Amino acid sequence: MKHNFGAGPGILPQEVLKQAAQAVIDFNGTGLSILEISHRSKEFEAVLDEAVRLVKELFSLPEGYSVLFLQGGASTQFALVPYNLLPEGGKAAYLETGVWANKALKEAKYFGEVAVVASSKESNFTYIPKDFEIPADAAYFHITSNNTIYGTQLQNFSPSPVPVVCDMSSDIFSRKINVADFGLIYAGAQKNMGPAGVTLVIVKDEILGKTDRKIPAMFNYQTQIEGGSMYNTPPVFAIYVSMLTLNWVKAKGGVEAIEQENIAKSKALYAEIDRNPLFKGVAATEDRSHMNVCFVAENPEHEKPFLKLCDEKGIVGIKGHRSVGGFRASIYNALPITSVHVLIEAMQEFAEKNK
(Lines give C-alpha, C1' and ligand atoms only; values in the text may rest on other atoms or scores of the structure.)
Protein backbone atom coordinates (compact mmCIF):
# COMPACT_ATOMS: atom_id res chain seq x y z
CA MET A 1 0.00 0.00 0.00
CA LYS A 2 1.20 3.51 -0.82
CA HIS A 3 0.81 6.45 1.55
CA ASN A 4 0.66 9.50 -0.70
CA PHE A 5 2.01 12.65 0.94
CA GLY A 6 2.69 14.32 -2.42
CA ALA A 7 2.25 18.10 -2.56
CA GLY A 8 0.34 18.10 -5.82
CA PRO A 9 -1.25 16.78 -7.82
CA GLY A 10 -2.35 15.38 -4.51
CA ILE A 11 -4.16 12.32 -3.26
CA LEU A 12 -7.78 11.75 -4.31
CA PRO A 13 -10.34 9.57 -2.50
CA GLN A 14 -10.33 5.94 -3.62
CA GLU A 15 -14.08 6.03 -4.19
CA VAL A 16 -13.65 8.97 -6.54
CA LEU A 17 -10.88 7.25 -8.49
CA LYS A 18 -13.05 4.15 -8.97
CA GLN A 19 -16.04 6.19 -10.16
CA ALA A 20 -13.86 8.23 -12.50
CA ALA A 21 -12.21 5.11 -13.90
CA GLN A 22 -15.61 3.60 -14.70
CA ALA A 23 -16.77 6.84 -16.32
CA VAL A 24 -13.75 6.79 -18.63
CA ILE A 25 -15.14 3.54 -20.04
CA ASP A 26 -18.87 4.21 -19.76
CA PHE A 27 -20.26 7.42 -18.31
CA ASN A 28 -23.56 6.91 -16.48
CA GLY A 29 -24.68 4.14 -18.84
CA THR A 30 -24.49 6.34 -21.93
CA GLY A 31 -22.19 3.93 -23.74
CA LEU A 32 -19.75 6.83 -24.14
CA SER A 33 -16.65 7.80 -22.18
CA ILE A 34 -16.69 10.95 -20.07
CA LEU A 35 -13.68 11.89 -22.23
CA GLU A 36 -15.77 11.95 -25.41
CA ILE A 37 -19.21 13.23 -24.48
CA SER A 38 -20.24 16.66 -25.70
CA HIS A 39 -19.79 19.46 -23.21
CA ARG A 40 -23.13 20.76 -24.52
CA SER A 41 -24.91 17.51 -23.76
CA LYS A 42 -27.55 17.39 -21.04
CA GLU A 43 -25.42 14.76 -19.27
CA PHE A 44 -22.44 17.06 -18.87
CA GLU A 45 -24.56 20.12 -18.15
CA ALA A 46 -25.94 18.13 -15.21
CA VAL A 47 -22.36 17.46 -14.01
CA LEU A 48 -21.42 21.15 -14.18
CA ASP A 49 -24.66 22.22 -12.50
CA GLU A 50 -24.03 19.72 -9.71
CA ALA A 51 -20.43 20.90 -9.24
CA VAL A 52 -21.58 24.52 -8.95
CA ARG A 53 -24.38 23.54 -6.57
CA LEU A 54 -21.99 21.63 -4.33
CA VAL A 55 -19.57 24.57 -4.11
CA LYS A 56 -22.46 26.80 -3.07
CA GLU A 57 -23.73 24.27 -0.53
CA LEU A 58 -20.39 23.34 1.04
CA PHE A 59 -19.38 26.97 1.48
CA SER A 60 -22.88 28.31 2.24
CA LEU A 61 -22.38 30.82 -0.57
CA PRO A 62 -24.32 34.05 -0.08
CA GLU A 63 -26.29 35.66 -2.89
CA GLY A 64 -24.35 37.79 -5.34
CA TYR A 65 -21.45 35.38 -5.98
CA SER A 66 -20.70 33.45 -9.15
CA VAL A 67 -18.91 30.09 -9.37
CA LEU A 68 -16.62 29.43 -12.32
CA PHE A 69 -14.63 26.40 -13.45
CA LEU A 70 -11.81 27.70 -15.65
CA GLN A 71 -8.64 26.48 -17.32
CA GLY A 72 -5.06 27.69 -16.98
CA GLY A 73 -4.35 26.85 -13.36
CA ALA A 74 -4.04 29.26 -10.46
CA SER A 75 -1.02 30.81 -12.17
CA THR A 76 -3.30 32.23 -14.88
CA GLN A 77 -5.37 33.86 -12.13
CA PHE A 78 -2.25 35.75 -11.04
CA ALA A 79 -2.80 37.82 -14.19
CA LEU A 80 -6.57 37.61 -14.57
CA VAL A 81 -7.20 39.06 -11.11
CA PRO A 82 -5.47 42.39 -11.82
CA TYR A 83 -6.68 42.33 -15.44
CA ASN A 84 -10.28 42.29 -14.18
CA LEU A 85 -10.01 44.20 -10.90
CA LEU A 86 -7.17 46.73 -11.14
CA PRO A 87 -8.07 49.97 -12.96
CA GLU A 88 -5.58 51.75 -15.19
CA GLY A 89 -3.35 53.77 -12.87
CA GLY A 90 -4.79 51.97 -9.85
CA LYS A 91 -3.08 50.22 -6.96
CA ALA A 92 -3.36 46.70 -5.56
CA ALA A 93 -2.15 45.48 -2.16
CA TYR A 94 -0.38 42.14 -1.68
CA LEU A 95 0.78 40.11 1.31
CA GLU A 96 4.01 38.28 0.40
CA THR A 97 4.16 34.92 2.18
CA GLY A 98 5.92 32.66 -0.32
CA VAL A 99 6.86 31.86 -3.90
CA TRP A 100 3.29 31.81 -5.20
CA ALA A 101 2.38 35.10 -3.53
CA ASN A 102 5.54 36.58 -5.04
CA LYS A 103 4.63 35.32 -8.51
CA ALA A 104 1.13 36.75 -8.14
CA LEU A 105 2.36 40.23 -7.22
CA LYS A 106 4.90 40.20 -10.07
CA GLU A 107 2.09 39.55 -12.54
CA ALA A 108 0.01 42.37 -11.05
CA LYS A 109 2.80 44.85 -11.74
CA TYR A 110 2.01 44.56 -15.47
CA PHE A 111 -1.37 46.17 -14.77
CA GLY A 112 -0.70 48.85 -12.17
CA GLU A 113 0.99 49.79 -8.92
CA VAL A 114 1.56 47.03 -6.36
CA ALA A 115 1.92 47.78 -2.66
CA VAL A 116 3.48 44.93 -0.68
CA VAL A 117 1.90 45.51 2.72
CA ALA A 118 4.17 43.01 4.48
CA SER A 119 6.59 40.19 3.68
CA SER A 120 8.30 37.33 5.48
CA LYS A 121 10.86 36.89 2.71
CA GLU A 122 13.76 37.81 5.00
CA SER A 123 13.14 34.65 7.06
CA ASN A 124 12.59 32.44 4.00
CA PHE A 125 8.82 32.69 4.57
CA THR A 126 8.80 30.72 7.82
CA TYR A 127 6.02 32.86 9.32
CA ILE A 128 2.94 34.88 8.34
CA PRO A 129 3.38 38.66 8.77
CA LYS A 130 0.97 40.32 11.17
CA ASP A 131 -0.02 43.86 12.23
CA PHE A 132 0.16 45.24 8.71
CA GLU A 133 -1.99 48.02 7.28
CA ILE A 134 -4.08 47.52 4.15
CA PRO A 135 -4.25 50.73 2.09
CA ALA A 136 -7.84 51.90 1.78
CA ASP A 137 -7.19 53.22 -1.73
CA ALA A 138 -6.20 49.79 -3.10
CA ALA A 139 -8.52 48.12 -5.63
CA TYR A 140 -8.12 44.85 -3.73
CA PHE A 141 -5.95 43.03 -1.18
CA HIS A 142 -4.39 39.72 -2.32
CA ILE A 143 -3.41 36.94 0.07
CA THR A 144 -2.32 33.30 -0.24
CA SER A 145 -4.10 31.28 2.43
CA ASN A 146 -1.66 28.35 2.58
CA ASN A 147 1.96 28.12 1.53
CA THR A 148 2.82 24.63 0.34
CA ILE A 149 6.58 25.05 0.13
CA TYR A 150 7.10 26.55 3.59
CA GLY A 151 4.31 24.94 5.60
CA THR A 152 2.62 28.15 6.77
CA GLN A 153 -1.07 29.01 6.72
CA LEU A 154 -3.20 32.03 7.55
CA GLN A 155 -5.15 30.89 10.59
CA ASN A 156 -7.33 33.99 10.55
CA PHE A 157 -8.31 36.48 7.86
CA SER A 158 -7.86 40.14 8.77
CA PRO A 159 -10.73 42.57 8.23
CA SER A 160 -10.07 44.60 5.09
CA PRO A 161 -11.29 48.01 3.89
CA VAL A 162 -11.08 46.72 0.30
CA PRO A 163 -12.14 43.46 -1.43
CA VAL A 164 -9.98 40.51 -0.41
CA VAL A 165 -8.68 38.21 -3.15
CA CYS A 166 -7.41 34.85 -1.90
CA ASP A 167 -5.43 32.10 -3.56
CA MET A 168 -6.74 28.99 -1.78
CA SER A 169 -5.16 26.46 -4.11
CA SER A 170 -3.73 24.24 -1.40
CA ASP A 171 -6.37 24.43 1.32
CA ILE A 172 -9.67 24.86 -0.51
CA PHE A 173 -12.47 22.86 1.18
CA SER A 174 -10.14 21.90 4.03
CA ARG A 175 -11.77 24.22 6.57
CA LYS A 176 -14.77 26.44 7.12
CA ILE A 177 -14.57 29.95 5.69
CA ASN A 178 -16.97 32.84 5.47
CA VAL A 179 -17.14 33.55 1.74
CA ALA A 180 -18.70 36.95 2.45
CA ASP A 181 -15.27 38.04 3.78
CA PHE A 182 -13.83 37.70 0.27
CA GLY A 183 -14.30 39.47 -3.04
CA LEU A 184 -12.72 36.64 -5.03
CA ILE A 185 -11.36 33.18 -4.22
CA TYR A 186 -9.43 31.05 -6.67
CA ALA A 187 -7.91 27.60 -6.40
CA GLY A 188 -6.21 25.12 -8.68
CA ALA A 189 -8.06 21.83 -8.21
CA GLN A 190 -5.08 19.51 -7.90
CA LYS A 191 -4.55 19.64 -4.14
CA ASN A 192 -7.93 19.05 -2.52
CA MET A 193 -10.63 19.17 -5.17
CA GLY A 194 -9.74 17.17 -8.26
CA PRO A 195 -7.11 16.59 -10.95
CA ALA A 196 -4.94 19.22 -12.58
CA GLY A 197 -6.66 21.02 -15.42
CA VAL A 198 -9.43 23.03 -13.80
CA THR A 199 -9.39 26.06 -11.51
CA LEU A 200 -12.24 27.13 -9.27
CA VAL A 201 -13.08 30.84 -9.10
CA ILE A 202 -15.68 32.25 -6.71
CA VAL A 203 -16.27 35.95 -7.37
CA LYS A 204 -18.52 38.60 -5.92
CA ASP A 205 -20.40 39.95 -8.92
CA GLU A 206 -20.44 43.56 -7.79
CA ILE A 207 -16.63 43.96 -7.85
CA LEU A 208 -16.48 43.29 -11.61
CA GLY A 209 -16.73 45.77 -14.48
CA LYS A 210 -15.09 48.68 -12.68
CA THR A 211 -11.76 48.99 -14.51
CA ASP A 212 -12.82 50.59 -17.81
CA ARG A 213 -10.25 48.26 -19.37
CA LYS A 214 -10.86 46.32 -22.56
CA ILE A 215 -10.42 42.67 -21.62
CA PRO A 216 -10.26 39.85 -24.19
CA ALA A 217 -13.27 37.56 -23.88
CA MET A 218 -11.44 34.49 -22.58
CA PHE A 219 -9.78 36.54 -19.84
CA ASN A 220 -12.91 38.39 -18.78
CA TYR A 221 -14.69 36.99 -15.70
CA GLN A 222 -17.95 38.53 -16.87
CA THR A 223 -17.75 36.64 -20.17
CA GLN A 224 -17.16 33.39 -18.30
CA ILE A 225 -20.07 34.07 -15.95
CA GLU A 226 -22.41 34.79 -18.87
CA GLY A 227 -21.18 31.64 -20.60
CA GLY A 228 -21.68 29.49 -17.52
CA SER A 229 -18.01 28.39 -17.56
CA MET A 230 -18.58 27.20 -21.14
CA TYR A 231 -17.52 30.13 -23.28
CA ASN A 232 -15.25 27.54 -24.88
CA THR A 233 -14.94 23.78 -24.30
CA PRO A 234 -14.33 23.36 -20.57
CA PRO A 235 -12.06 20.71 -19.01
CA VAL A 236 -14.86 18.13 -18.87
CA PHE A 237 -13.05 15.31 -17.10
CA ALA A 238 -11.41 17.55 -14.48
CA ILE A 239 -14.77 19.13 -13.66
CA TYR A 240 -16.39 15.70 -13.42
CA VAL A 241 -13.76 14.40 -10.97
CA SER A 242 -14.04 17.62 -8.97
CA MET A 243 -17.78 17.12 -8.75
CA LEU A 244 -17.23 13.58 -7.47
CA THR A 245 -14.75 14.84 -4.88
CA LEU A 246 -17.11 17.55 -3.67
CA ASN A 247 -19.82 14.91 -3.28
CA TRP A 248 -17.33 12.88 -1.24
CA VAL A 249 -16.70 15.89 1.00
CA LYS A 250 -20.44 16.31 1.49
CA ALA A 251 -20.86 12.61 2.34
CA LYS A 252 -18.07 12.90 4.93
CA GLY A 253 -20.11 15.50 6.77
CA GLY A 254 -19.11 18.58 4.83
CA VAL A 255 -16.25 21.00 5.31
CA GLU A 256 -16.81 21.17 9.07
CA ALA A 257 -16.18 17.43 9.49
CA ILE A 258 -13.20 17.49 7.09
CA GLU A 259 -11.68 20.35 9.09
CA GLN A 260 -11.78 18.33 12.31
CA GLU A 261 -10.06 15.40 10.58
CA ASN A 262 -7.37 17.71 9.19
CA ILE A 263 -6.74 19.22 12.62
CA ALA A 264 -6.38 15.74 14.13
CA LYS A 265 -3.93 14.65 11.41
CA SER A 266 -1.73 17.72 11.66
CA LYS A 267 -1.83 17.78 15.46
CA ALA A 268 -0.59 14.18 15.65
CA LEU A 269 2.24 14.78 13.18
CA TYR A 270 3.40 18.05 14.73
CA ALA A 271 3.40 16.40 18.15
CA GLU A 272 5.81 13.75 16.86
CA ILE A 273 8.04 16.35 15.19
CA ASP A 274 8.25 18.30 18.46
CA ARG A 275 8.84 15.16 20.53
CA ASN A 276 11.35 13.40 18.29
CA PRO A 277 14.94 14.60 18.84
CA LEU A 278 15.94 13.77 15.25
CA PHE A 279 13.51 16.19 13.60
CA LYS A 280 12.39 19.79 13.94
CA GLY A 281 9.68 21.92 12.39
CA VAL A 282 10.54 24.93 10.25
CA ALA A 283 7.41 27.10 10.37
CA ALA A 284 6.51 29.42 13.24
CA THR A 285 4.35 27.40 15.63
CA GLU A 286 1.36 29.76 15.46
CA ASP A 287 1.42 29.72 11.63
CA ARG A 288 1.81 25.98 11.07
CA SER A 289 -0.19 24.64 8.14
CA HIS A 290 -2.79 21.90 8.54
CA MET A 291 -2.15 20.92 4.90
CA ASN A 292 1.63 20.90 4.41
CA VAL A 293 3.75 19.86 7.38
CA CYS A 294 7.35 20.91 6.71
CA PHE A 295 10.24 19.69 8.85
CA VAL A 296 13.97 18.90 8.63
CA ALA A 297 16.42 16.45 10.14
CA GLU A 298 18.49 17.88 13.00
CA ASN A 299 21.45 16.11 11.39
CA PRO A 300 21.48 16.73 7.60
CA GLU A 301 23.21 13.37 7.11
CA HIS A 302 20.02 11.66 8.27
CA GLU A 303 17.94 13.04 5.40
CA LYS A 304 18.75 10.43 2.75
CA PRO A 305 18.50 7.38 5.03
CA PHE A 306 15.15 8.58 6.39
CA LEU A 307 13.83 9.05 2.85
CA LYS A 308 15.03 5.51 2.11
CA LEU A 309 13.13 4.17 5.13
CA CYS A 310 10.00 6.02 4.00
CA ASP A 311 10.31 4.51 0.56
CA GLU A 312 10.55 1.02 2.06
CA LYS A 313 7.33 1.64 3.99
CA GLY A 314 5.40 2.89 0.96
CA ILE A 315 5.53 6.53 2.05
CA VAL A 316 5.77 8.63 -1.10
CA GLY A 317 6.05 12.35 -1.85
CA ILE A 318 7.68 13.17 1.49
CA LYS A 319 10.76 14.96 0.16
CA GLY A 320 10.73 18.72 0.71
CA HIS A 321 10.54 21.25 -2.12
CA ARG A 322 13.84 21.61 -3.96
CA SER A 323 14.16 25.25 -2.81
CA VAL A 324 14.09 24.43 0.92
CA GLY A 325 15.03 20.75 1.27
CA GLY A 326 14.08 18.63 4.25
CA PHE A 327 10.71 16.91 4.34
CA ARG A 328 7.15 17.91 3.51
CA ALA A 329 4.13 15.83 4.43
CA SER A 330 1.12 17.08 2.50
CA ILE A 331 -1.91 15.84 4.39
CA TYR A 332 -4.74 16.87 2.10
CA ASN A 333 -8.38 15.96 2.69
CA ALA A 334 -8.23 12.50 1.11
CA LEU A 335 -5.19 11.32 3.07
CA PRO A 336 -6.42 9.06 5.89
CA ILE A 337 -5.09 9.49 9.41
CA THR A 338 -3.82 5.89 9.20
CA SER A 339 -1.21 7.09 6.69
CA VAL A 340 -0.14 9.80 9.13
CA HIS A 341 0.31 7.12 11.77
CA VAL A 342 2.52 5.12 9.38
CA LEU A 343 4.74 8.18 8.93
CA ILE A 344 4.88 8.79 12.68
CA GLU A 345 5.87 5.16 13.27
CA ALA A 346 8.61 5.51 10.64
CA MET A 347 9.96 8.59 12.43
CA GLN A 348 9.94 6.73 15.74
CA GLU A 349 11.66 3.70 14.23
CA PHE A 350 14.30 5.94 12.64
CA ALA A 351 14.95 7.67 15.95
CA GLU A 352 15.31 4.31 17.71
CA LYS A 353 17.88 3.14 15.14
CA ASN A 354 19.86 6.37 15.30
CA LYS A 355 20.15 7.07 19.01
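That block above? That's the structure.
Quantities reported herein were computed from a predicted structural model and do not represent experimental measurements.

Trainee: Describe the packing of helix H8 (residues 303-312) against helix H9 (residues 337-353), and please don't skip the residues or the numbers.
Mentor: Between H8 and H9, the shortest axis-to-axis distance is 10 Å and the interhelical angle comes to 135°. As judged from the angle between their axes, H8 and H9 are oblique. Every pair of crossing elements has a handedness; the one defined by H8 and H9 is right-handed. Here H8 contributes Pro305, Phe306, Leu309 and Cys310 to the contact with H9, which in turn contributes Leu343, Ala346, Met347, Glu349, Phe350 and Lys353.

Trainee: Can you explain H9? Please cite residues and give values.
Mentor: For H9, with 17 residues, the first-to-last C-alpha span of 25 Å sits near the 24 Å given by 1.5 Å per residue. Among all positions of H9, only Ser339, Val340, Val342, Leu343, Ile344, Ala346, Met347, Phe350 and Ala351 are buried.

Trainee: Quick rundown of the pairing of strand S14 (residues 327-330)? Include the residues and the values.
Mentor: Two faces, one strand: in a regular strand the side chains alternate between the faces of the sheet. Residues Phe327 and Ala329 point to one face of S14 and Arg328 and Ser330 to the other, with burial holding for every one of them. In this structure, strand S12 (residues 292-297) lies alongside S14, joined through four bridges in antiparallel fashion. By the bridge assignment for S14, phenylalanine 295 is matched with phenylalanine 327.

Trainee: An account of the packing of aromatic side chains is requested, with residue identities and associated values reported.
Mentor: Applying the stated rule across the entire model yields 16 aromatic pairs. Taken together, a centroid distance of 5.0 Å and an interplanar angle of 80° make the contact between phenylalanine 157 and phenylalanine 182 edge-to-face. Here phenylalanine 157 is found in the loop between strand S7 (152-153) and strand S8 (164-167), whereas its partner phenylalanine 182 is found in the loop between S8 and strand S9 (184-188), with 25 residues between them in sequence. According to the relative accessible area criterion, phenylalanine 157 is partly exposed, its value standing at 26%. In this structure phenylalanine 182 comes out as buried when scored by relative accessible area, which is 3%.

Trainee: Mind laying out the sheet that holds S14, listing which residues take part and the relevant values?
Mentor: Reading across from one edge, S11-S12-S14 is the order of the three strands in this open sheet, with antiparallel pairing throughout. Of all the strands in the sheet, the pair left with one neighbour each is strand S11 (279-281) and S14. The average angle at which neighbouring strand axes cross in this sheet is 35°, direction not considered. Where S11 meets S12, three bridges bridge the pair, whose relative direction is antiparallel. Each residue of the ladder has a partner; that of phenylalanine 279, found in S12, is alanine 297.

Trainee: How would you explain the side chain of serine 145 if you had to name every residue and give the values?
Mentor: Summarising the element assignment, serine 145 is placed in the loop between strand S5 (141-144) and strand S6 (146-147). Within the structure, serine 145 has its side chain in polar contact with the side chain of aspartate 171 (distance 2.6 Å). Apart from residues lying up to four places away in sequence, serine 145 is in contact with Gln153, Leu154, Phe157, Cys166, Asp167, Met168, Asp171 and Arg175.

Trainee: Which residues make up the environment of lysine 304, and what are the values?
Mentor: With respect to the helices and strands, lysine 304 occurs in helix H8. Lysine 304 gets classed as exposed once you look at its relative accessible area, which sits at 70%. In this structure, the C-alpha to C-alpha distance between lysine 304 and glutamate 286, residues 18 residues apart in sequence, is 29 Å.

Trainee: Lay out a nonpolar patch on the surface in plain terms, naming residues and giving numbers.
Mentor: Together, Met218, Phe219 and Tyr231 line one region of the surface with nonpolar side chains, adding up to about 280 Å² of accessible area. The topology assignment puts phenylalanine 219 in the loop between strand S10 (199-204) and helix H5 (221-226).

Trainee: Describe helix H4 (residues 99-108), naming the residues involved and giving the relevant values.
Mentor: Those residues of H4 that fall on the buried side of the exposure criterion are Ala101, Asn102, Ala104, Leu105 and Ala108. Within H4, the buried residues cover an arc of 160° as seen down the axis, which keeps them to one side. Against helix H3 (73-85), strand S3 (91-96), strand S4 (113-119), S5 and S9 lie the buried residues of H4.

Definitions and cut-offs
Residues numbered from 1 in each chain as written. Predicted model: local features only at pLDDT ≥ 70, side-chain atom pairs only at ≥ 80, totals over all residues. Heavy atoms only, no water. Axes fitted to C-alpha atoms, helices over the stretch in contact; angles between N-to-C directions. Helix = DSSP H or I, 4+ residues; strand = E, 2+ residues; numbered from the N terminus. Parallel < 35°, antiparallel > 145°, perpendicular 65-115°, else oblique. Left-handed = near helix turned anticlockwise from the far one by under 90°. Contact = heavy atoms within 4.5 Å. Expected span 1.5 Å × (residues − 1). Buried < 20%, exposed > 50% of the residue type's maximum accessible area, 1.4 Å probe, protein only. Pairing = 2+ DSSP bridges. Phe/Tyr/Trp six-rings, centres within 6.5 Å; stacked < 30°, edge-to-face > 60°. Polar contact = N/O pair within 3.5 Å; in protein donor to acceptor, adjacent residues only side chain to side chain. Patch = residues over 30% accessible without salt bridge, like charges linked within 9 Å, V, L, I, M, F, W, Y side chains within 5 Å. Areas by Shrake-Rupley, 256 points an atom, 1.4 Å probe, with all protein chains shown as cover. Salt bridge = Lys/Arg side-chain N within 4 Å of Asp/Glu carboxyl O. Arc of directions from axis to C-beta.

Everything listed here is a matter of geometry and, on its own, says nothing about what the molecule does.
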